[in-house]
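# Coordinates in review
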Amino acid sequence: MSDPICLFCRIIRRELPATVVYEDDEVLAFQDIAPKAPVHLLIVPKRHVEGLQALEDGDAGLIGSLFACLTRLARERGVARSGYRAVVNAGADGGQSVLHLHLHLLGGRPMDWPPG
Ligand code: 5GP
Ligand code: ZN
């Protein structure tokens with residue numbers, strides 16, 4: 001269900017602008033407003049799910065759809081061969097700032113490890 005005050009739900013409902021790069025019945029992908037790499041896309045479920053920490057066993061298909069979208073976008077954006085980073089921040093210690101599940105696709109430069 002959609003949350004009336006959630007930032008990403010509002011983007012999904014087109015109440016807030018975003019540069020959308022992919023959409024289907026289940027998934028929306030758009031550019032991050034403050035990109036941390038030359039390629040920085042966010043892949044989100046259209047259904048409001050707070051994060052990985054809120055997923056249930058029945059959500060396996062949704063996770064598959066999100067990652068299928070991410071790998072497709074990585075190919076389309078030309079980073080599949082050079083490599084990229086797929087990140088999901090979960091909860092306070094994970095550094096999650098928007099409480100609507102999202103995959104980050106980061107690419108176009110070498111990534112450091114470990115993360116901060
Ligand atoms: P988190 O820290 O929750 O893993 O990631 C949230 C991401 O959402 C951040 O990378 C941040 O730049 C991005 N973000 C925050 N507000 C907006 C917005 O209004 N529009 C878009 N496109 N991205 C946003
Ligand atoms: Zn939401």
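Look above for the structure.
Values in this document were obtained by computation on a predicted structure and should not be read as measured data.

About the criteria used
Residues numbered from 1 in each chain as written. Chains lettered and ligands numbered in written order. Predicted model: local features only at pLDDT ≥ 70, side-chain atom pairs only at ≥ 80, totals over all residues. Heavy atoms only, no water. Helix = DSSP H or I, 4+ residues; strand = E, 2+ residues; numbered from the N terminus. Rg over C-alpha atoms; globule rule 2.2 N^0.38 Å. Buried < 20%, exposed > 50% of the residue type's maximum accessible area, 1.4 Å probe, protein only. Contact = heavy atoms within 4.5 Å. Donors = N, O, S within 2.8 Å, 3.2 Å for Na, K, Ca; no water. Tetrahedral: all angles 85-135°; square planar, octahedral: opposite > 155°, others 65-115°. Salt bridge = Lys/Arg side-chain N within 4 Å of Asp/Glu carboxyl O. Pairing = 2+ DSSP bridges. Axes fitted to C-alpha atoms, helices over the stretch in contact; angles between N-to-C directions.

## Observations concerning the overall build of the chain
From N to C terminus, the chain includes 3 helices and 5 strands. Going residue by residue from the N terminus, the α and β elements of the chain occur as α-β-β-β-α-β-α-β. Relative to the compact-globule value of 13 Å for 116 residues, the chain shows a C-alpha radius of gyration of 14 Å, a close match. Among the 116 residues that make up the chain, the fraction classed as buried is 34%. Contacts spanning at least 24 positions in sequence make up 54% of the contacts within the chain whose residues lie at least 6 apart.

## Remarks on the coordination of the zinc ion (ligand 2)
Around the zinc ion (ligand 2), the protein supplies Cys6 (SG), Cys9 (SG), His48 (ND1) and His100 (ND1) as donor atoms, at distances of 2.0 to 2.3 Å. For the zinc ion (ligand 2), the 4 donor atoms in the first shell make angles of 106 to 118 degrees at the metal, a pattern classed as tetrahedral. For the zinc ion (ligand 2), the donor residues sit on a single chain with the sequence spacing C-x2-C-x38-H-x51-H. Within this pair, whereas Cys9 is found in helix 1 (residues 7-12), its partner His48 is found in the loop between strand 3 (39-45) and helix 2 (60-76), the two being separated by 39 residues in sequence. Side by side, Cys9 and His48 carry an identical accessibility label, which is buried.

## A short note on unusual backbone geometry
A cis geometry characterises the amide bond from Trp113 onward to Pro114, with omega recorded as 5 degrees. Relative to the helices and strands, Pro114 resides in the segment after strand 5 (103-107). Unlike most non-glycine residues, Arg14 shows phi in positive territory, near 65 degrees. Relative to the helices and strands, Arg14 is located in the loop between helix 1 and strand 1 (20-23). For Arg14, a relative accessible area of 44% translates into the label partly exposed.

## Points about the pattern of salt bridges
Tallying each qualifying case throughout the model produces 6 salt bridges. In this structure, the salt-bridge partner of Glu15 is Arg13, at a minimum N-O distance of 2.7 Å. Residue Arg13 is classed as partly exposed on the basis of its relative accessible area of 30%. Among the charged side chains, a salt-bridge network with shared partners connects Arg10, Arg13 and Glu15.

## Structural notes on the sheet that holds strand 5
Hydrogen bonds along the backbone pair up the strands of a sheet, which may run parallel or antiparallel. Taken in spatial order, the 5 strands of this open sheet run 1-2-3-5-4, and their pairing is antiparallel. Either end of the sheet is taken by a strand with one partner, and the two such strands are strand 1 and strand 4 (84-87). When strand polarity is set aside, the average angle formed by the axes of neighbouring strands in this sheet is 15 degrees. When strand 4 meets strand 5, the two strands line up antiparallel, connected through 4 bridges. Within strand 5, the residue paired with Arg85 across the bridge is Leu106. Against the sheet, helix 2 engages strand 1, strand 2 (27-31), strand 3, strand 4 and strand 5, with an angle of about 155 degrees to strand 3.

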